[in-house]
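Residue strings, one per chain:
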Amino acid sequence: MTTQDTRSAKLTIEDKTYEFPILSGTAGPDVIDIRRLYSDAGVFTFDPGYTSTGSCASSITYIDGDKGELMYRGYPIEQLAEKSHFLEVCYLLLYGELPKAAELEDFEHRVTSHTMLHDQMNWFFRGFRRDAHPMAVVCGLTGAMAAFYHDSTDINDPWQREVATIRLIAKMPTIVAHAYKYSIGQPFIYPRNELDYASNFLSMCFAVPTEDYRVDPILSRAIDRIFTLHADHEQNASTSTVRLASSSGANPFACIGAGVACLWGPAHGGANEACLLMLREIGTKDRIPEFIQRAKDKDDPFRLMGFGHRVYKNFDPRAKVMKQSADEVLGLLGIEDNPTLQVAKELERIALEDEYFIEKKLYPNVDFYSGIILEAIGFPTSMFTPIFALARTVGWISQWKEMLEDPNLRIARPRQLYTGATRRDYVDIENR
Ligand code: CMC
């Protein structure tokens, strides 16, 4: 819900003053509504990294970066990670409320009965090189869903929107698991609809046709929690990409494919892979000071991966749960002396006491510990970001759905501060 304040913001340019309304949401900083700025004053705002720009109104996820708070539809992430499970969280994000038992049963049934891929899609994988990064494969396959499920691409039809939503949540684990199987040269394992969402994903990744596979409930719980912690994070880069793509009316599969592409970067979802590679490169505790020094050196592009966040300036609440989960999972698996976990803990301890990190408010983020859990489960580093994409799909679709249901939807079209050549006449090639 948005309310207009009695206060207003005034902007004076030379001798003219312009007045803009102040809008309040239900939590978080107020915003100055500058939609009429250009038409009234003939100027744009300039905010390249969007550090002070709200791009939409949304009622899905709330982050208080100073308090280190994250809530889905008002429910704190810590409570959801402890008491809920991923498909219930999906329902909550998509429809706004926790489901009643019958609603959850119906939703779970709808998701689990759409887990199989169109058989032709299985052939589509075979066009990729076996050594392709699974994110490249997932990017391609997600966008390609528009070709295989053309009957749910009409964004103006609420029924088709709902079918596309369910298909994406249901089929993303199959795509990600198949991308993994393809990369290691093993046959695809079909989904098993009697399993819960997380167990089914593990089965598709680790079962082989020649043997029975029993899903370890510890691992299933751990991966389900990773899904929950990554499910949504308001207007981050990939979500904003999905919104930008869908503002043009593009179909849902193309839009989610755009989100996957954006997530891949190491400053965003690619950080989990980069972080584990970094921890392995550090290798032993005695080498930590050298890497801390490099992270502080302005002339060295190296950054501590899994550290820092645009919004969290206290701590990332997801990292707290993830750290606890890493301890639990590795303990239950009897590998608590895992050298990567030991390096991670020591690196965190040293960084949190370092003046540079304190002053810049740099804390471990969600990606700092997630890779350690995923590695303990048995995933190679190249699978970390695809798993993030799988989990974030529900967030992207919830935001996509919210946006399309908004009567004020307009194509997103930022403006620019032009710094190029001013008008000049074309010069024939022989005279240049
Ligand atoms: N290591 C060392 N210095 C850092 C780090 C880091 N990880 N992160 C930020 N800084 C410094 C940076 O050099 C800058 O210093 P100065 O003011 O002297 O120029 C200052 O802190 C602010 O950094 P920024 O790049 O302006 O901050 P940002 O809000 O634009 O970037 C970030 C946020 C997450 C991209 C950045 O902290 C980073 O690159 N972290 C490492 C990658 C990472 O872990 N990403 C995962 C983010 S959480 C999951 C997700 O969203 O997908």
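Everything below is about the structure printed above this text.
Residues numbered from 1 in each chain as written. Predicted model: local features only at pLDDT ≥ 70, side-chain atom pairs only at ≥ 80, totals over all residues. Heavy atoms only, no water.

> Let's hear about the packing of helix α4 (residues 101–112) against helix α7 (residues 158–184): which residues, and what values?
Across the interface, α4 lies against α7 with an axial gap of 8 Å and an inter-helix angle of 70°. Judged on the interaxial angle alone, α7 and α4 are roughly perpendicular. Mapping the contact onto sequence places Phe107, Arg110 and Val111 in α4 and Glu162, Ile166, Ile169 and Ala170 in α7. Tallied by class, residues from the contact of α4 with α7 come to five nonpolar, no polar and two charged. (Axes fitted to C-alpha atoms, helices over the stretch in contact; angles between N-to-C directions. Helix = DSSP H or I, 4+ residues; strand = E, 2+ residues; numbered from the N terminus. Parallel < 35°, antiparallel > 145°, perpendicular 65-115°, else oblique. Contact = heavy atoms within 4.5 Å. Nonpolar A, V, L, I, M, F, W, Y, C, P; charged D, E, K, R; others polar.)

> Give a detailed account of the pattern of salt bridges, specifying residues and quantitative values.
Across all of its chains, the model carries 23 salt bridges by this definition. The closest approach of N and O atoms between Arg110 and Asp106, which form a salt bridge, is 3.4 Å. Placement of both Arg110 and Asp106 in helix α4 is noted, with a separation of four residues, approximately one turn of the helix. A residue is classified by how much of its surface remains accessible, and Asp106, at 40% relative accessible area, is partly exposed. When the shortest N-O distance is used, the salt bridge between Glu405 and Lys401 registers 3.6 Å. Since its relative accessible area comes to 47%, Glu405 is described here as partly exposed. Salt bridges here are not isolated pairs; linked through shared partners, they connect Asp106, Arg110 and Glu162. (Salt bridge = Lys/Arg side-chain N within 4 Å of Asp/Glu carboxyl O. Buried < 20%, exposed > 50% of the residue type's maximum accessible area, 1.4 Å probe, protein only.)

> An account of the sheet that holds strand β6 (residues 75–76) is needed here, citing residue identities and associated values.
Ordered in space as β4-β5-β6, the three strands form an open sheet in which the pairing is antiparallel. In this open sheet, the two strands that pair with only one neighbour each are β4 (61–64) and β6. The pairing of strand β5 (residues 69–72) with β6 spans two bridges and is classified as antiparallel. When the sheet's bridge partners are listed, Met71 is paired in β6 with Pro76. (Pairing = 2+ DSSP bridges.)

> Talk me through helix α9 (residues 217–230); I want residue IDs and the actual numbers.
For an α-helix, 3.6 residues make a turn, and residues three or four places apart therefore share a direction. End to end, α9 covers 20 Å across 14 residues, agreeing with the expected 20 Å (1.5 Å per residue, within 8%). When α9 is considered as a whole, its buried residues turn out to be Leu219, Ser220, Ala222, Ile223, Asp224, Arg225, Ile226, Phe227, Thr228, Leu229 and His230. At the N-terminal boundary of α9, the capping side chain belongs to Asp216, with an oxygen 2.9 Å from the backbone nitrogen of Ile218. (Expected span 1.5 Å × (residues − 1). Polar contact = N/O pair within 3.5 Å; in protein donor to acceptor, adjacent residues only side chain to side chain.)

> Please set out the environment of Glu69 residue by residue, giving values where relevant.
Its place among the elements puts Glu69 in strand β5. Separated by 108 residues in sequence, Glu69 and Ala177 have C-alpha atoms that sit 32 Å apart. Those residues in contact with Glu69 that lie beyond four places of it in its chain are Tyr62, Ile63, Asp64, Tyr312 and Pro317.

> With reference to specific residues and values, describe the packing of aromatic side chains.
Inspection of the entire model under this criterion finds 21 aromatic pairs. Taken together, a centroid distance of 6.0 Å and an interplanar angle of 80° make the contact between Tyr197 and Phe227 edge-to-face. Here Tyr197 is found in helix α8 (residues 197–206), whereas its partner Phe227 is found in helix α9, with 30 residues between them in sequence. Exposure class is identical for Tyr197 and Phe227. Each is buried. Taken together, the ring pairs in this structure connect Phe86, Tyr180, Tyr197, Phe201, Phe206, Phe227 and Phe379 into an aromatic cluster. Positioned over the ring face of Trp123 is Arg126, at 5.1 Å from the centre of the ring. In this structure, Lys320 packs its charged tip against the face of Phe315, placed 4.2 Å from the ring centre. (Phe/Tyr/Trp six-rings, centres within 6.5 Å; stacked < 30°, edge-to-face > 60°. Lys NZ or Arg CZ within 6 Å of the ring centre and 35° of its normal.)

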